[in-house]
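What the coordinates show
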Amino acid sequence: MTSVLLVPGSTRDGALHTAALRTAARFAPPEITTRLYDGLRALPAFAPGEEPPAEVVRLRALVVEADAILFSTPEYAGSLPGSLKNLLDWLVDGGDLEGKPAAWLSVVGPGRDDGARAALESVLGHGNARLMEAGCVRLPLEMASVDEAGFVTDERLHVALGDILHVLIEAMVEAQPRQPSWQVHSSVYPVVAQRGARPGSAYAGPSGQSAPDWLT
């Protein structure tokens, strides 16, 4: 089993980014266990050199137990929300991100979170995490796609999440993951191609499924 920790950058349960990660937990493949981190609001301010408080100890234990981390965050004032930056400061200080595979999911359009994504990638680099670029996906969503239970009903997200999680699985089983049969570019919609197929041919994702309408 591969364990993935899902870390939202918003402190609101009803936020679109949190809903997207909650959906990831619901639709994860059977070979993946997921956990949505819910302690962002409870984390105390980062204090270098001080004994970590109980919530920080819990956070660090969750990160150590996880095989990979998936982030989804809004952008505030041109960068990461302070609460998420605070979480990352604790993890970088403790060395908890060392070698940890990580990816991000953007649920807003290009230009609306570029500062936050750049800051996240920079901090992950400082913590020596392994950014899995093939698992970083931008898929703009609408709040109208979130149902009463807090899950995203847009099937495009369900397909994209499956691909992201499979990339993180590959990071576990291979020291240097081979190039997957599909491609995801960080600042555009997912672009996928069947291995060995001519341009414009049918999509075959990691599970061999046919292309959804939004990819054709």
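These remarks concern the structure in this document. On a predicted model such as this, the values are computed, not experimentally measured, just so you know. (Residues numbered from 1 in each chain as written. Predicted model: local features only at pLDDT ≥ 70, side-chain atom pairs only at ≥ 80, totals over all residues. Heavy atoms only, no water.)

1. Describing the overall build of the protein
If you tally the helices and strands in the protein, you get five helices and six strands. A total of 216 residues make up the protein; the buried ones form 49% of that total. Put simply, 74% of the contacts in the protein that link residues at least 6 apart link residues at least 24 apart. (Helix = DSSP H or I, 4+ residues; strand = E, 2+ residues; numbered from the N terminus. Buried < 20%, exposed > 50% of the residue type's maximum accessible area, 1.4 Å probe, protein only. Contact = heavy atoms within 4.5 Å.)

2. A look at the pairing of strand β2 (residues 32-36)
Relative to β2, strand β1 (residues 2-8) runs parallel, the two being bridged by five bridges. When the sheet's bridge partners are listed, Ser3 is paired in β2 with Thr33. A crossover links β1 with its parallel partner β2, the connecting element being helix α1 (residues 16-26), and its sense is right-handed. (Pairing = 2+ DSSP bridges. Right-handed = clockwise from strand over helix to strand, strands pointing away.)

3. Remarks on the side chain of His17
Positionally, His17 belongs in helix α1. Judged by its relative accessible area of 7%, His17 is buried. Setting aside chain neighbours within four positions, we find His17 in contact with Ser72, Thr73, Pro74, Val107 and Val108.

4. What to know about the nonpolar core
Core analysis: the biggest nonpolar cluster contains 57 residues, and Tyr37, Phe71, Leu87, Leu88 and Leu105 have the highest contact counts within it. When contributions to this core are tallied by element, the ones reaching two or more residues are β1, α1, α2 (54-65), β3 (68-72), α3 (82-94), β4 (101-106), α4 (114-126) and α5 (155-173). Take this core: its biggest share by element is nine residues, from α5. (Core = buried A, V, L, I, M, F, W, Y, C linked by side-chain atoms within 4.5 Å.)

5. Considerations on the pattern of salt bridges
Within this structure, the stated rule accounts for 10 salt bridges. In this structure, the salt-bridge partner of Arg117 is Asp114, at a minimum N-O distance of 3.0 Å. With Arg117 and Asp114 both in helix α4, this residue pair falls three residues apart, about one helical turn. Among the charged side chains, a network of salt bridges with common partners joins Asp113, Asp114, Arg117 and Arg138. (Salt bridge = Lys/Arg side-chain N within 4 Å of Asp/Glu carboxyl O.)

6. Some thoughts on the side chain of Asn86
Examined against the element boundaries, Asn86 turns out to sit in helix α3. If we skip the residues at most four places from it in the chain, Asn86 touches Leu43, Pro44, Ala45 and Phe46.

7. As for the packing of α3 against α4
With their axes 10 Å apart at the nearest point, α3 and α4 run at an angle of 15° to one another. Judged by the angle between their axes, α3 and α4 are roughly parallel. For the pair α3 and α4, the sense of crossing is right-handed. Residues Lys85, Leu88 and Val92 of α3 pack against Leu120, Val123, Leu124 and His126 of α4. Class assignment of the residues belonging to the contact of α3 with α4 gives a composition of five nonpolar, one polar and one charged. (Axes fitted to C-alpha atoms, helices over the stretch in contact; angles between N-to-C directions. Parallel < 35°, antiparallel > 145°, perpendicular 65-115°, else oblique. Left-handed = near helix turned anticlockwise from the far one by under 90°. Nonpolar A, V, L, I, M, F, W, Y, C, P; charged D, E, K, R; others polar.)

8. Notes on α4
For α4, spanning 13 residues, the distance from its first C-alpha to its last is 18 Å, which sits close to the expected 18 Å at 1.5 Å a residue. Among all positions in α4, only Ala116, Arg117, Ala119, Leu120, Val123 and Leu124 are buried. Down the axis of α4, the buried set is contained in an arc of 165°. They therefore lie on one face. The elements touched by buried residues of α4 are β3, α3, β4, β5 (130-131) and β6 (137-138). The positive-phi residue at the C-terminal boundary of α4 is Asn128, with phi of around 60°. (Expected span 1.5 Å × (residues − 1). Arc of directions from axis to C-beta.)

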